[in-house]
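In case you want the letters, here they are:
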Amino acid sequence: MDLWAVRRHPLVALLGLLAAILPAVLSAPQSAYAAAAPAPPPPAPAPPALPPPGTPGLVPPLGPRAWVVVDADTGNMVSAGDDHTLMRPASISKVLTAIIAAQHLPPNAVVPVSPVAAGSESVNLGMKAGQVWSFNDTLHAMLMLSANDAATALAERVGGSREAFVAEMERTGAALHLVDHPILRDPAGLDDQFSVLGGNFVSAYDLAVIARTALAIPAIRQIVDLPEYRFTAPDGVVHVIRNVDRSLEVYPGAIGIKTGYTKAAG
């Protein structure tokens, strides 16, 4: 599951839930001018249009289960498919966590690390219980490395606990006017036995709203566009983290945002 923004075109920035390449074929018309000669045979008829997706007997095309392409400046939708279907967003949930943290914490805030945060499963940075990290380094680690310990530490810093942070997620979702009644529970996007209350369900449409909001926050926009970030942790260890969003490398003009993966993700 991927959420991209691109600046390749001067007018349009695209936000995608999962990458979808939409090919188009343009053919120039034949010239109407011809020398005095026998008329050529008529061109072969165009092949029939493909029936719509889902027609019985057709193999479904490869691609995302849901997507939305939006002009990030205007909010106008360019293309979409199943964009109002609730699905597991995986670590794209961290974009919402970043928005909430940026709204509640000053840039010079510090983030204490609890045993719960230090014990986070799956991808983590190696935060240790009792350490106190800078907000800036923690936010970079969450958005670029997709560190679950960083997401948990930020949620606890804002809400007091992962469970209490649920109320902040729901309030922010309402404030952003998310339309598809998302289920917002886990700050890191976990959806397994380690998740908060079973995890999140969000539509592609609502993720595009969240992404546009994130891009309007300078601190977040700057972070998601970075290929690499270097900092020194409280224990003196120097970390060099690379952005896990490979769109920055393979798609010219991409400015990132967030990727995510779980087996259950849409």
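Residues numbered from 1 in each chain as written. Predicted model: local features only at pLDDT ≥ 70, side-chain atom pairs only at ≥ 80, totals over all residues. Heavy atoms only, no water.

S.K.: Can you walk me through unusual backbone geometry in this structure?
M.R.: With the exception of glycine, most residues fall at negative phi, and the peptide bonds are largely trans. Look at Ser 122: it is not a glycine, yet its phi comes out positive at around 65 degrees. Positionally, Ser 122 belongs in the loop between helix H2 (115-118) and strand S6 (132-134). The residue Ser 146 is not glycine, and still its phi comes out positive at about 65 degrees. Inspection of the secondary structure puts Ser 146 in the loop between helix H3 (135-145) and helix H4 (148-159). By relative accessible area, which is 8% here, Ser 146 ends up buried. (Helix = DSSP H or I, 4+ residues; strand = E, 2+ residues; numbered from the N terminus. Buried < 20%, exposed > 50% of the residue type's maximum accessible area, 1.4 Å probe, protein only.)

S.K.: Just to check I follow, could you spell out the layout of surface pockets for this structure?
M.R.: Unfilled space is identified by rolling a water-sized probe across the atoms. Of the pockets and cavities examined, the second largest pocket occupies roughly 280 Å³. Contributing to the lining of the second largest pocket are 19 residues, with Ser 91, Ser 122, Asn 148, Tyr 261 and Thr 262 lying nearest its centre. (1 Å grid on protein atoms, 1.4 Å probe; cavity = no way out; pocket = protein on both sides within 12 Å on 5 of 7 lines; lining within 4 Å. Points joined across faces, edges and corners; volume = space filled by probe spheres on them.)

S.K.: Help me out: how do you make sense of the packing of aromatic side chains in this one?
M.R.: Aromatic ring pairs are defined here through the distance separating the ring centres and the angle between the ring planes. Applying the stated criterion across every chain, the model contains 2 aromatic pairs. Taken together, Trp 133, Tyr 229 and Phe 231 form an aromatic cluster joined through their ring pairs. (Phe/Tyr/Trp six-rings, centres within 6.5 Å; stacked < 30°, edge-to-face > 60°.)

S.K.: I keep staring at helix H1 (residues 93-104) and nothing clicks. Help me out?
M.R.: Since the α-helix turns once every 3.6 residues, residues separated by three or four places project in the same direction. Across its 12 residues, H1 extends 17 Å between first and last C-alpha, which sits within 8% of the 16 Å expected from 1.5 Å per residue. Counting buried positions over the 12 residues of H1 gives 9, a clear majority of the element. Among all positions in H1, only Ser 93, Lys 94, Val 95, Leu 96, Thr 97, Ala 98, Ile 99, Ile 100 and Ala 101 are buried. Buried residues belonging to H1 abut H3, H4, helix H5 (162-175), helix H6 (204-215), helix H7 (218-224) and strand S9 (254-259). (Expected span 1.5 Å × (residues − 1). Contact = heavy atoms within 4.5 Å.)

S.K.: Looking at this model, I keep getting lost on the pattern of salt bridges. Mind explaining?
M.R.: A full pass over the atoms with the stated rule returns 7 salt bridges. The salt bridge involving Asp 186 is made with Arg 162; its shortest N-O contact spans 3.7 Å. Taken together, the residues Asp 186 in the loop between H5 and H6 and Arg 162 in helix H5 connect sequence positions 24 residues apart. With a relative accessible area of 0%, Asp 186 lands in the buried category. The salt bridge partner of Arg 185 is Glu 170, with a shortest N-O separation of 2.8 Å. Of this pair, Arg 185 sits in the loop between H5 and H6 while Glu 170 sits in helix H5; the two residues are 15 residues apart in sequence, bridging distant segments of the chain. Judged by its relative accessible area of 21%, Arg 185 falls in the partly exposed class. Judged by relative accessible area, which is 39%, Glu 170 ranks as partly exposed. (Salt bridge = Lys/Arg side-chain N within 4 Å of Asp/Glu carboxyl O.)

S.K.: I keep staring at the pairing of strand S3 (residues 67-70) and nothing clicks. Help me out?
M.R.: Two faces belong to every sheet, and in a regular strand the side chains alternate between them. Of the strand pairs in this sheet, S3 and strand S4 (residues 77-81) are connected by 4 bridges, and their pairing is antiparallel. Across the sheet, Trp 67 pairs through a bridge with Gly 81, a residue of S4. What sits between the antiparallel neighbours S3 and S4 is a turn of 6 residues, in which Gly 75 has the positive phi angle 85 degrees. (Pairing = 2+ DSSP bridges.)

S.K.: Got a minute to help me understand the environment of Val 123 in this structure?
M.R.: Here Val 123 is to be found in the loop between H2 and S6. When the C-alpha positions of Val 123 and Asp 149 are compared, they lie 7.9 Å apart, and in sequence the two are 26 residues distant. Beyond its immediate sequence surroundings of up to four residues, Val 123 is in contact with Leu 145, Ser 146, Ala 147, Asn 148 and Asp 149.

S.K.: What's the story with the side chain of Asn 200 in this structure? I'm lost.
M.R.: Within the element layout of this structure, Asn 200 appears in the loop between H5 and H6. Note on Asn 200: relative accessible area 2%, which makes it buried. Within polar-contact distance, the side chain of Asn 200 engages the side chain of Ser 93 at 2.9 Å. Of note is the side chain of Asn 200, whose polar atom sits 2.7 Å from the backbone nitrogen of Asp 186. (Polar contact = N/O pair within 3.5 Å; in protein donor to acceptor, adjacent residues only side chain to side chain.)

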